[in-house]
Amino acid sequence: MSADPIFSVSGLTKAFGEGEGEVLVLRGIDLAMEAGEMTALLGPSGSGKSTLLTILGTLMRASGGSHAMLGVDLMHASDAERTEFRSRHLGFVFQFHHLLPDLSALENVMMPAAAAAGRETRAMRSRAMDLLDAVGLADRRDYRPSAMSGGQRQRAAVARALINNPVLVLADEPTGNLDRQSADQVMDLIRSINRTMATSFLISTHDEHIAAQCQRRIELLDGRIVRS
Amino acid sequence: MNRYAVKLAIRHLLAHPGQTALLMAGVALGVSVFIFMSALIGGLATLLTQRTVGSIPHVVLEMPDRDPSVLVPSGAAQVVLQKDLSRRDQIAIWQPAVPIIEKTPGVTALSPQIRGSAFVERGQAVAPVGVIGVQPGKLSDIADIDGAMVDGTSTLPADGILIGSRLAGDLGLRVGQVVRLSSDRGRARSFRIGGIFSLGIASADRQAVYMNFTTARALFDLPTGISRIEIKVQPATDAPRIAAALRRSTGLKATAWTEDNSQLFEGLDAQARTGTIIKAFSLITIVVGIASAMLLSIVRRQAEIGIMRAMGASKGLVVSIFVLEGTLIGLVGALAAWLALLPLPPVSEVRSGGLPIDRAQGDFLLAVTLTTLAAMLASILPARNAARIDPVEAIGQ
């Protein structure tokens, strides 16, 4: 495991609303993650887990503090720069699979790479096939999401998150919509990818069972890290 | 062109085939109105123009009106000018003008003519006529007399004349009969009726008599000069410009057919403007239809757009997808209208009582181009809205 952090945030704050209606959701977060880490982010609803993940994923800007990843100052990067950074270095898995309904499983997995390149290439197709194989969906490559089970969709979503070979995958309650058996399958898959590909995962969850499978746990309460 | 944007746009359209087909049918309907109006108004204008100018000269060259010479210096005395009627109106030296006219761009035919008034007498019946003396081979250069013959032949021997069907009916004349013609110059002689024509124009069919050029010289006592030169031009609507050019190059008085038919032009102009307004409304309808359909599509696909943006899709890609989607709806709808309206007849095939639709004037290419552009423009605003969707809100995280 490398000693250099892949990202670090310091004094990170996030406020919604203005004036008397202002709500402070993150109140000075200091956090860093090293390459290859698999970290669980725990906390009750409203503790700021999703907001922190959204900011780390460059989908939202923090109100204050610093945010850097792979040497890039993401606090002050332009929207276009943040979009490109997201496309190259980050992967996402959401509670709901959010696969595009008009594309097949294979096309869905290729989507982030194809969107960045402006076309689908043979190399992308080959990598997407490998990923579908790795998540056990090789025989479902031509299926639309509507023809797949909940667990299969979420596994396809994990494969999609990996297409651009990201340094960090941010997973927000990735098993929240799944039954225990499907949830275990998805977590086995994430652990296996973390081991074999050395991809870092930051997983937001309520579930102690999921957290127990991670190497590190960070607990959030009222917008502050209370345990790391 | 971003190939991935094209692929996703097509997938979006194919995802809801019924709705897409309905949208394209709406566009096709609007484009059909556009093409149909162009074809109808253009065809009507062509038909009216053809019927009006088909049998008349487009430009007439005559001697300029002469004013009497004024010997008193200008301003020294009040003078009243009257037309000089002391000499006959004739183009005395006309041969040098012929090659100049022939070389003028737009001129397709010319006919030097001897014209005069006469009376046709048969028994006790007398009818006033206008005699037109034409050169051999130029009989049908202005009005298609050859094509309008209903009896006899159109040849013009020295003792032969051609008369209109109405005159023949009024005087009970038939081909081969002999009539006497008395000119306004006091000369008279007998002619054999060689043929009867029917141009469909009452005044010509009742009063026009065609005869040999040389015979007309003798009958109207005009040994060298001619009365006028009649000219056909292509297109007929260029007549005023060509008349002005001929006025300058020949020094003769040139009158375009449009000067005597200004009401027709005003009518055609008003008709064309009405058509433009209807076509503009059909385009606006297409724009509103596509824009609202695109807005609905974007609302429905908000989460998809959000996830694509979260996965690193640029705003440009999102704009491209939805602009292409709208443009494809416009293009395919317009092409469908094109195919559907291809069987429209050319104006030459219009039957009595039918609409004078002219396929050639249907502005097919313009309709497709404008519709595609309009569809693209109609999609830009919704597409920009789509690109501004906040991925976090759209995904609902």
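Residues numbered from 1 in each chain as written. Chains lettered and ligands numbered in written order. Predicted model: local features only at pLDDT ≥ 70, side-chain atom pairs only at ≥ 80, totals over all residues.

### Observations concerning the overall build of chain B
Thinking step 1. In terms of regular secondary structure, chain B is built from 13 helices and ten strands.
Thinking step 2. Burial statistics for chain B: of 397 residues in total, 42% are counted as buried.
Thinking step 3. Counted over contacts in chain B with a minimum sequence separation of 6, partners at least 24 positions apart contribute 81%. (Helix = DSSP H or I, 4+ residues; strand = E, 2+ residues; numbered from the N terminus. Buried ≥ 20, exposed ≤ 12 C-beta atoms within 10 Å, placed from the backbone. Contact = placed C-beta atoms within 7 Å.)

### Regarding the overall build of chain A
Thinking step 1. A tally of regular secondary structure across chain A gives seven helices and ten strands.
Thinking step 2. Counting every position in chain A, which comprises 228 residues, the buried fraction comes to 49%.
Thinking step 3. The long-range fraction of contacts in chain A, counting pairs at least 24 apart against all pairs at least 6 apart in sequence, stands at 71%.

### Section: the interface of chain B and chain A
Accessible area lost on assembly of the parts is the figure often given for the size of an interface.
Thinking step 1. Contact with chain B, which involves 20 residues of that partner, is made by 22 residues of chain A.
Thinking step 2. For the side of chain B that touches chain A, the elements supplying multiple residues, two or more each, are helix H1 (3-15), helix H10 (302-310) and helix H13 (391-395) of chain B.
Thinking step 3. Taken together, the residues of the side of chain B that touches chain A sort by class into twelve nonpolar, five polar and three charged. (Nonpolar A, V, L, I, M, F, W, Y, C, P; charged D, E, K, R; others polar.)

### Regarding H10(B)
Thinking step 1. Burial runs high along H10(B): seven of the nine residues are buried.
Thinking step 2. For H10(B), every residue scored as buried is listed here: Glu304(B), Ile305(B), Gly306(B), Ile307(B), Met308(B), Arg309(B) and Ala310(B).
Thinking step 3. Each element contacted by the buried residues of H10(B) is listed here: strand E6 (90-93) and helix H3 (105-117) of chain A together with helix H11 (315-341), helix H12 (364-387) and H13 of chain B.
Thinking step 4. Residue Gly312(B) follows H10(B) closely and has a positive phi angle near 105 degrees.

### Details of the pairing of strand E1 (residues 59-62) of chain B
Residue and element names in this part refer to chain B.
Thinking step 1. In this sheet, strand E9 (residues 228-233) lies alongside E1 in antiparallel orientation, the contact comprising three bridges. Counted as the bridge partner of valine 60 is glutamate 230 from E9.
Thinking step 2. Where E1 and strand E10 (residues 253-256) come together, four bridges link them in antiparallel fashion. Pairing of valine 60 across the sheet is with threonine 255, part of E10. (Pairing = 2+ DSSP bridges.)

### Overview of the packing of H3(A) against helix H5 (residues 150-162) of chain A
Residue and element names in this part refer to chain A.
Thinking step 1. The N-to-C vectors of H3 and H5 enclose an angle of 35 degrees; their axes lie 7 Å apart at closest approach. The element H3 and its partner H5 pack so that their crossing is right-handed. Contacts from Ala105, Asn108, Val109, Met111 and Pro112 of H3 reach H5 at Ala156, Ala159 and Arg160.
Thinking step 2. When the residues that make up the contact of H3 with H5 are grouped by side-chain class, the tally is six nonpolar, one polar and one charged. (Axes fitted to C-alpha atoms, helices over the stretch in contact; angles between N-to-C directions. Left-handed = near helix turned anticlockwise from the far one by under 90°.)

### Quick notes on the sheet that holds strand E7 (residues 168-172) of chain A
Hydrogen bonding along the main chain pairs the strands of a sheet, whether they run parallel or antiparallel.
Residues and elements named next belong to chain A.
Thinking step 1. On the basis of which strands lie adjacent, the open sheet formed by six strands has the order E6-E7-E8-E3-E9-E10 and mixed pairing. Among the strands making up the open sheet, the edge pair consists of E6 and strand E10 (224-227). On average, adjacent strands in this sheet sit at an angle of 25 degrees to one another, irrespective of strand direction.
Thinking step 2. As paired elements, strand E9 (residues 216-221) and E10 share three bridges and run antiparallel to each other.

### Points about the confidence of the model for chain B
Thinking step 1. With 91% of its residues at a pLDDT of 70 or more, chain B shows a mean pLDDT of 86.
Thinking step 2. Here the complex is predicted with pTM 0.68, and the ipTM for its interfaces comes to 0.82. (pLDDT = per-residue confidence, 0-100.)

### So, unusual backbone geometry
Thinking step 1. Residue Gln234(B) is joined to Pro235(B) through a cis peptide bond whose omega torsion reads -5 degrees.
Thinking step 2. Checked against the element boundaries, Pro235(B) lands in the loop between E9 and helix H8 (239-250).
Thinking step 3. With a phi close to 50 degrees, Leu70(A) is a non-glycine residue in the positive phi region.
Thinking step 4. Within the secondary structure layout, Leu70(A) lies in the loop between strand E4 (64-69) and strand E5 (72-73).
Thinking step 5. Not every positive phi belongs to a glycine, and Asp221(B) is a case in point at roughly 55 degrees.

### Things to note about the environment of Gly48(A)
Residues and elements named next belong to chain A.
Thinking step 1. Tracing the chain through its elements places glycine 48 in the loop between strand E3 (38-42) and helix H1 (49-56).
Thinking step 2. Among the residues examined, glycine 48 registers 23 C-beta atoms within 10 Å and is labelled buried.
Thinking step 3. The spacing of glycine 48 and leucine 26 is 22 residues in sequence and 6.1 Å in space, taken between C-alpha atoms.
Thinking step 4. Beyond its immediate chain neighbours, meaning those up to four positions away, glycine 48 contacts Val25, Leu26, Leu220 and Gly223.

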